[in-house]
Amino acid sequence: MLVQAAFAAWRQVFSAPFRGILWKSLALTVALLALLWFGLTRLLGYWLQGHPLSTSYPLVDTMAVFLAGAGLVVALAFVLPAVSSVVAGFFLDDAAEIVERTDFPGEAPGEPMPLAASLLMGLRFAGLSLLCNLAALALIFVPVVNVAAFFGVNAYLLGREYFELAAGRFRPTAQAAAMRRFHAGTAFLAGAMMAGLLLVPLANLLTPLFGIALMVHVHKRLTARDIARGIPQTAQPPLSRAGAGESIRRGPGG
């Protein structure tokens with residue numbers, strides 16, 4: 001299921017309906033990363049101006065800023081998951097609607113999340129992702145362990161966030177989270193696909209749109225499979241916010 005969902009997601013990312021969102025998401029991702037890099041290098045420059053070596057050896061100052069700036073480019077790879085969360089929250093509904101309309105034409109589309117709610121959700125995950133990835137960055141000089149930490153942390157966080165964003169178009173936030181926990185293994189493996197993409201230079205900029213398209217497919221396929229298996233309503237929440245409360249009150253037996 002996940003392999004099929006991944007191929008369908010890649011097809012969507014480069015499809016004509018996605019093209020406008022693709023360029024806007026790339027521009028926003030690059031702009032946020034550039035802003036972070038610029039701010040960090042400026043802060044470093046101000047710090048070096050007060051350092052004793054700065055006044056005595058200007059060349060040392062220049063070289064330090066250059067080397068630190070190059071190092072920050074590497075460090076920004078650990079910030080990219082957090083930036084991805086913000087971008088995903090911004091373009092969630094536009095991208096998800098295209099996937100739902102083109103790949104699931106016979107099914108009712110999801111309800112758009114309020115922009116403020118999706119951005120707030122993205123920012124919440126971005127903060128958590130930033131903290132976890134800064135911890136992983138501390139292991140940058142520990143071979144193998146650093147990559148494993150980066151991959152594992154982001155597989156979990158990306159799987160959790162993007163699944164709940166996609167599911168949130170069809171069910172209340174609490175039920176979206178419950179469904180993600182019920183399918184924690186599948187969500188983690190889908191997140192691992194996104195974490196693997198983060199390790200590929202330039203291609204990692206596509207993570208937000210790929211993640212949205214992937215999780216729309218994962219959520220839809222899991223929903224259909226759970227209904228076919230007769231999963232109780234307490235584990236398989238209803239498909240729309242409107243019917244959520246009524247279905248839960250009635251219980252599995254109606």
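None of the values given here were measured: they were computed from a predicted structure.

It is worth spelling out the overall build of the protein at this point. Broken down by element type, the protein carries 10 helices and zero strands. Each helix (α) and strand (β) of the protein, taken in turn from the N terminus, gives the series α-α-α-α-α-α-α-α-α-α. Counting every position in the protein, which comprises 254 residues, the buried fraction comes to 47%. Considering only intrachain contacts with a sequence separation of at least 6, the fraction spanning at least 24 residues in the protein is 79%. Taken as a whole, the protein presents about 12,500 Å² of accessible surface, with 73% of it coming from carbon and sulfur.

Enumeration over the complete set of coordinates arrives at three aromatic pairs. Judged by centre distance (5.7 Å) and plane angle (10°), the rings of Trp 10 and Phe 14 are stacked. Accessibility expressed as a relative area gives 29% for Trp 10, which makes it partly exposed. Ring geometry for Phe 90 versus Phe 91: centroids 5.1 Å apart, planes at 75°, classification edge-to-face. For Phe 90, a relative accessible area of 41% corresponds to the partly exposed category. The buried category is assigned to Phe 91, whose relative accessible area is 6%. Ring-pair connections join several aromatic residues into one group, and the members of that group are Trp 10, Phe 14 and Phe 210. It is Lys 220 that lies over the ring of Phe 104; its NZ or CZ is 5.6 Å from the centre.

What follows deals with the pattern of salt bridges. Side chains that differ in sign of charge can pair as their charged atoms come close. One pass over the structure, following the stated rule, counts five salt bridges. The salt bridge involving Asp 103 is made with Arg 11; its shortest N-O contact spans 3.2 Å. With Asp 103 in helix α4 (residues 58-103) and Arg 11 in helix α1 (residues 2-13), the pair connects residues that are 92 residues apart, well separated along the chain. Given the relative accessible area of 47%, Arg 11 is considered partly exposed. For Glu 100, the salt bridge is made with Arg 169, and the minimal N-O distance between the two is 2.8 Å.

Moving on, we come to the UniProt feature "transmembrane region" (unreviewed entry) in the protein. Mapped onto this numbering, the UniProt entry annotates "transmembrane region" (unreviewed entry) at residues 25-44, 65-92, 138-158 and 188-216. Here residues 188-216 is 72% helix and 0% strand, with 15 Å between the C-alpha atoms at its ends.

Closest axis-to-axis distance for the helix α6 (residues 145-167)/helix α9 (residues 207-228) pair is 8 Å, and the angle between their directions is 65°. Comparing their axes, α9 and α6 come out roughly perpendicular. Relative to α9, α6 is oriented so that their crossing is right-handed. Where α6 approaches α9, its residues Leu 158, Gly 159, Tyr 162, Phe 163, Ala 166 and Ala 167 are matched on the opposing element by Thr 207, Pro 208, Gly 211, Ile 212, Met 215, Val 216, Val 218, His 219 and Leu 222. Classifying every residue of the contact of α6 with α9 gives 11 nonpolar, four polar and no charged.

Another aspect to go through is the environment of Trp 10. Summarising the element assignment, Trp 10 is placed in helix α1. Separated by 201 residues in the primary sequence, Trp 10 and Gly 211 have C-alpha atoms spaced 9.6 Å apart. Apart from residues lying up to four places away in sequence, Trp 10 is in contact with Leu 197, Leu 206 and Phe 210.

Bringing the nonpolar core into the picture now. For soluble globular proteins, the rule of thumb is that nonpolar side chains tend to be buried together. The biggest cluster of nonpolar side chains holds 52 residues, and the ones touching the most others in it are Phe 210, Ile 212, Leu 214, Met 215 and Val 218. Among the elements of the structure, α1, α2 (19-49), α4, α5 (115-137), α6, α7 (173-182), α8 (184-198) and α9 are those that each provide at least two residues to this core. Looking at this core element by element, the count peaks at 12 residues for α4. Those residues within four positions of Met 215 in sequence are excluded, and the remaining contacts are Leu 158, Gly 159, Tyr 162, Phe 163, Ala 166, Ala 187, Ala 190, Gly 191 and Met 194.

Another point: α1. For α1, which comprises 12 residues, the first-to-last C-alpha distance of 16 Å matches the rise-based estimate of 16 Å (1.5 Å per residue) to within 8%. Every buried residue belonging to α1 is among Leu 2, Ala 5, Ala 6, Ala 8, Ala 9, Gln 12 and Val 13, and all of these are buried. Projected down its long axis, α1 carries its buried residues within an arc of 165°, all on one side. Turned more than 90 degrees from where α1 packs its buried face, Val 3, Gln 4 and Phe 7 sit exposed.

Definitions and cut-offs
- Residues numbered from 1 in each chain as written.
- Predicted model: local features only at pLDDT ≥ 70, side-chain atom pairs only at ≥ 80, totals over all residues.
- Heavy atoms only, no water.
- Helix = DSSP H or I, 4+ residues; strand = E, 2+ residues; numbered from the N terminus.
- Buried < 20%, exposed > 50% of the residue type's maximum accessible area, 1.4 Å probe, protein only.
- Contact = heavy atoms within 4.5 Å.
- Areas by Shrake-Rupley, 256 points an atom, 1.4 Å probe, with all protein chains shown as cover.
- Phe/Tyr/Trp six-rings, centres within 6.5 Å; stacked < 30°, edge-to-face > 60°.
- Lys NZ or Arg CZ within 6 Å of the ring centre and 35° of its normal.
- Salt bridge = Lys/Arg side-chain N within 4 Å of Asp/Glu carboxyl O.
- UniProt positions renumbered as here; feature names shortened; annotations may be inferred.
- Axes fitted to C-alpha atoms, helices over the stretch in contact; angles between N-to-C directions.
- Parallel < 35°, antiparallel > 145°, perpendicular 65-115°, else oblique.
- Left-handed = near helix turned anticlockwise from the far one by under 90°.
- Nonpolar A, V, L, I, M, F, W, Y, C, P; charged D, E, K, R; others polar.
- Core = buried A, V, L, I, M, F, W, Y, C linked by side-chain atoms within 4.5 Å.
- Expected span 1.5 Å × (residues − 1).
- Arc of directions from axis to C-beta.

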